[in-house]
Structures are given as structure tokens and as C-alpha cells.
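Chain by chain, the residues:
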Amino acid sequence: MERIELSVLQDALGIGAPWAIKSVVVDAENQRFNIHLDLHDRKKVLGFFDGGRKDSQSLAVGAWQYQTVGNFRCIIHAAIPVASDSGVTSPAVMSLAAFLGHPSRSYSNLIRQQVALAELKGMDVNVMSSVFGLEPSLITTILDDLQKSSVQSRSLAFLPTEVDPSWNKILRDQMLIKTTSLPLKLLLSKMKLTANKVSSEQQRQELVQELRQFFVANTAVLDSEIDQICGISGNTMQQRVKVAKTQQKLVLPALKNPLWLDLLSGKLKLNSQSVPLNLLISRQRMAFLQGHNVREKVQAIETIREYFRKNYRSLKPELVLLNRAMDIRSKTLLRLPEADNEIWQKVLTDDSFVPSDNVAYKLLLAKLRSQLARDDDGGIKIEAATRVREFIKQNQKSMRRELDTLIAKVGAV
């Protein structure tokens, strides 16, 4: 193809900076356009995957089914920067351009979003195959991936990509979004004024991307607004969306997850009815304690994790407890104030600020208060706050009441 033709095709497919079409290979026999992309500015894409961490950047080659042009399917080929821990349906991957996807999959974000929304609207695999021109096996893979995704990813799965015409309709006041979100109202007001002044396609696309990124960053509080953009209406469909977004998929904690240490130390009790599992945990606890090096200790954890992997069907109650513990740990680590927050000094000086019946906690506070009475240097105060914070974090299961009281008072300090 001539250069001008590449430019036209690039605009038609919504491929923009930092990407550009390098070449197109026509496969007439299979009715495919193999479109090879070149990345002009790697830094603009790296942030989506790993926040710009230099130690985790690498290039992975992928090929993704994208839009159709006439009777030809467009397959996008590109080498994208990707972190080693980016999941197939992670928010980082879903936030990429519509024509990209995860290197281990053959579907683009556009195809994934179309399939996710079509399933909500009641289409079965055969109907989707006919409507979107996709192989049933590819649709099944997408649905399986979405089912295994996190709650956050499930909320993002339905959000239209930047090539969806709904974003332009919003900016041109052709689609009105009802919202109670003040930040969104202010942003829309500002962007609509700007949209009326832009003259180039690139400027218009930048506005669309900025608006979509706002939705990506605030997905958790914009459920109703996203439903409006997707055309989801009616109680039945809205209820189906709610279930799809909140339904939890049981996952096996990663090898490095501290929950395995809690399980081996006895801090986490599964109360399992499985005799083989209880015996295995008992044996591996001994192996862990007697391990002479890190490798032997890790092997003890690997043995338990592998047992869960092979017997997950019969260990669902235990997996539910593990998932709940992961959720509690995640929420606590995100919500617990840092040690330099002045709320910890309130805890240390006022016994009634966060009342507790936990004997170990009260003894710790008494010891720290005695130390502070002798020396109230700033460094000592921070060290004392760190010890209180760490104690609550490590004993969150038995200190839920204290933790809830603490979090409730954060804003009042």
C-alpha cells in the first residue's frame, strides 16, 4: 500500500499517537489485513502497565483481532511494553488502546468490550459469532477470561473503548449523561466548551481519551453513568450488570502472598473438614519451621498451594475463607493511615479514643506510653505509631471493631 493509503486506514481504524501503521500485509485467501504497528513513544504506554518502573519493563509481541474493513478482518501486530505481572484482564491491559490487548490473547480491547456487553444483553455465543464475525472459540475464551477477572476489572470490562462513537456524542451534547458526580459535571462542562473549539481530529481524539481515562480512574463510583453510555436500561438488564460486576470468582493466592505464612503460623485457621488437608498443613508447618534456608521454606508453601490447585473443587469452603482473608488484608492495607498521620498520636495519648478489650493491644499501648513519657522526641513518636499500626494490621481479624472505629475517626482528626 502507498503511504497515503496507510494514513487513511490508520485514521479509519482509530490508530493514533504514540502508535502508527508501519506496514500492511494482505492475506486475500483468508480475508485478513495483517497490520503491523510501530511505537513512536514508548513512555506513553509504559505507565499503563507498570507505572514506569524501569525494573519491570519488557517488550512482548502480540497479535489481536480488531475491526473489520469490508469482508476483511484486521489483525493488529505490535510489540508492547508489558509488566510480567499484568493479568489477561487487568485494569492496566483494559486501559490500553482499543486495538491492543494482552500478548497472550488474540482479541483486542474493542472485541473484549463488545463481547462483554453483548453477553449482558442476552446474546449467546452463536449470535455473537454471527454479529461480530468471531470464531465461537474466541468468544468462549473472552467469556472465560472475564469470569476469572477481579471485581475492578469486571467493572471496566463494559466501558466503551475510545473508538466508540458515544464519547463524541457526549462531547457534542448529543448524548446526555445524568450524574450526581460534581467532578464529572465540572469536567463535562469544561470539555464540551473545548470540543466546540477544536478543529483537528487529533485534538478531538485527545479529548475523548481524556474523558475515557476519567471514567477508567473513577469506575467504582460511576456505575450508573457507565450503564448510560453502554445503553443499559431496564431493571432486568441493570440487575444482570450488578451481578456480573460483583460476583466473586475464587482465586488461589499467589505464592508470595503473606496469607500462606499466616496459615503456617496458625494466625489463619481454615477449620477445614478435610483430613488430608489438615495433615498436610501440619506436616508443612513443621517442614517450614525446620527449613534450613529460604528455598526449603518456600517449598513448604508451594506444596500446600499445589494441593489447593489440584483439589480446588473439593476445597471451595477453604478457598472462600482464603479469598475473604485476602479481601480484608487488601482493604486494610489501603485504608489504614500511615504512621506519620497524627491520628496515631491521638491513640497513644487518649485511652478512650479507640477503646479496646484486647489485652495484648492494651499492654502494648501502656508500654509505649511509658516510653513516650520519658522521651517524646519526634522520632520516638513515629516509632511508637509504627508499632501500633503494625500491631493492628497484623491482628486485623480480631480487631475489626477497633479498626472500624479508627477509620471512622480519620476524617475528624
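Residues numbered from 1 in each chain as written. Predicted model: local features only at pLDDT ≥ 70, side-chain atom pairs only at ≥ 80, totals over all residues. Heavy atoms only, no water.

### Details of the overall build of the protein chain
Within the protein chain, the secondary structure is distributed over 20 helices and 4 strands. Per-residue burial over the protein chain gives 42% buried out of 413 residues. Residue pairs in contact within the protein chain that sit at least 24 positions apart in sequence constitute 61% of those at least 6 positions apart. Entry remark: accessible area of the protein chain is about 22800 Å², with carbon and sulfur atoms responsible for 52%. (Helix = DSSP H or I, 4+ residues; strand = E, 2+ residues; numbered from the N terminus. Buried < 20%, exposed > 50% of the residue type's maximum accessible area, 1.4 Å probe, protein only. Contact = heavy atoms within 4.5 Å. Areas by Shrake-Rupley, 256 points an atom, 1.4 Å probe, with all protein chains shown as cover.)

### Re the pairing of strand E2 (residues 32-39)
Pairing geometry for strand E1 (residues 19-27) and E2, over 8 bridges, is antiparallel. For Asp27, the partnering residue across the bridge sits in E2 and is Arg32. Pairing of E2 with strand E4 (residues 72-81) involves 5 bridges; the strand directions are parallel. When the bridges of E4 are listed, Asn34 appears paired with Ile75. (Pairing = 2+ DSSP bridges.)

### Overview of the environment of Ser137
Structurally, the position occupied by Ser137 is in helix H6 (residues 136-147). Sequence separation between Ser137 and Val125 is 12 residues; the distance between their C-alpha atoms is 8.9 Å.

### Digging into the environment of Phe132
Mapping Phe132 onto the fold places it in helix H5 (residues 125-132). For Phe132, a relative accessible area of 21% gives the class partly exposed. Put simply, Phe132 and Gln67 are 65 residues apart on the chain and 9.0 Å apart in space, counted from C-alpha to C-alpha.

### Here we look at the environment of Lys267
In this fold, Lys267 is placed in the loop between helix H13 (259-265) and helix H14 (275-290). Judged by its relative accessible area of 52%, Lys267 is exposed. Placed 128 residues apart in sequence, Lys267 and Asn395 show a C-alpha to C-alpha distance of 8.7 Å. Residues within four places of Lys267 in sequence aside, it is in contact with Asp262 and Gln394.

### Things to note about the packing of H14 against helix H15 (residues 294-310)
H15 packs onto H14 with a crossing angle of 165 degrees between their chain directions and a minimal axis gap of 8 Å. Comparing the axis directions of H14 and H15 gives the class roughly antiparallel. The crossing of H14 and H15 is left-handed. In contact with Pro276, Leu277, Leu280, Ile281, Gln284, Ala287, Phe288, Leu289 and Gln290 of H14, H15 contributes Glu296, Lys297, Gln299, Ala300, Ile301, Thr303, Ile304, Tyr307 and Phe308. In the contact of H14 with H15, the residues fall into 12 nonpolar, 4 polar and 2 charged. (Axes fitted to C-alpha atoms, helices over the stretch in contact; angles between N-to-C directions. Parallel < 35°, antiparallel > 145°, perpendicular 65-115°, else oblique. Left-handed = near helix turned anticlockwise from the far one by under 90°. Nonpolar A, V, L, I, M, F, W, Y, C, P; charged D, E, K, R; others polar.)

### Details of the sheet that holds strand E3 (residues 59-69)
Spatially, 4 strands are ordered E1-E2-E4-E3 in an open sheet, and the strand pairing comes out mixed. With partners counted over all chains shown, the strands left at the sheet margins are E1 and E3, one partner each. Each neighbouring strand pair of the sheet contributes to a mean axis angle of 25 degrees, computed without reference to strand direction.

### Considerations on the side chain of Ser108
Summarising the element assignment, Ser108 is placed in the loop between helix H3 (91-94) and helix H4 (109-120). You can call Ser108 buried: its relative accessible area is 0%. Once residues lying within four places of it in the same chain are set aside, the contact partners of Ser108 are Trp64, Gln65, Tyr66, Ala98, Phe99 and Leu100.

### A look at helix H11 (residues 223-230)
Of the positions making up H11, those classed as buried are Glu225, Ile226, Asp227, Ile229 and Cys230. Looking one or two places after H11, you find Gly231, whose phi comes out positive at around 75 degrees.

### Notes on H5
Given 3.6 residues per turn, any residue in an α-helix points the same way as the ones three and four places further on. Its side-chain oxygen placed 3.2 Å from the backbone nitrogen of Asn126, Asp124 serves as the N-cap of H5. Just beyond H5, the residue with positive phi is Gly133, at close to 65 degrees. (Polar contact = N/O pair within 3.5 Å; in protein donor to acceptor, adjacent residues only side chain to side chain.)

### Digging into the nonpolar core
By size, the foremost hydrophobic cluster in this structure holds 39 residues, and its most contacted members are Val115, Ile142, Leu159, Trp167, Ile170, Leu211 and Phe215. Elements represented by at least two residues in this core include exactly H4, H6, helix H7 (151-157), helix H8 (166-171), helix H9 (182-195), helix H10 (201-217) and H11. Setting aside chain neighbours within four positions, we find Val115 in contact with Met128, Leu134, Ile139, Ile142 and Leu143. By size, the runner-up hydrophobic cluster in this structure holds 23 residues, among which are Ile21, Val24, Leu39 and Ala98. (Core = buried A, V, L, I, M, F, W, Y, C linked by side-chain atoms within 4.5 Å.)

### Quick look at the pattern of salt bridges
Scanning the entire structure with this criterion turns up 5 salt bridges. Between Asp145 and Arg105 there is a salt bridge, with its nearest N and O atoms 2.7 Å apart. Of this pair, Asp145 sits in helix H6 while Arg105 is found in the loop between H3 and H4, placing the two residues 40 residues apart along the sequence. For Arg105, a relative accessible area of 25% gives the class partly exposed. Taking the shortest distance from any N to any O, the salt bridge between Arg309 and Glu306 comes out at 2.5 Å. (Salt bridge = Lys/Arg side-chain N within 4 Å of Asp/Glu carboxyl O.)

### What about the packing of aromatic side chains?
This model, assessed by the stated rule, comprises 6 aromatic pairs. Joined through ring pairs, the aromatic side chains of Trp167, Phe214 and Phe215 make up one cluster. Geometry around Phe288 places Lys297 over its ring, the cationic atom sitting 4.7 Å from the centre. (Phe/Tyr/Trp six-rings, centres within 6.5 Å; stacked < 30°, edge-to-face > 60°. Lys NZ or Arg CZ within 6 Å of the ring centre and 35° of its normal.)

### Some details on unusual backbone geometry
Most peptide bonds take the trans form, and the phi angle of most residues other than glycine is negative. The residue Gln31 is not glycine, and still its phi comes out positive at about 55 degrees. Structurally, the position occupied by Gln31 is in the loop between E1 and E2. Non-glycine residue Asp173 carries a positive phi angle of around 65 degrees. If you trace the backbone, Asp173 turns up in the loop between H8 and H9.

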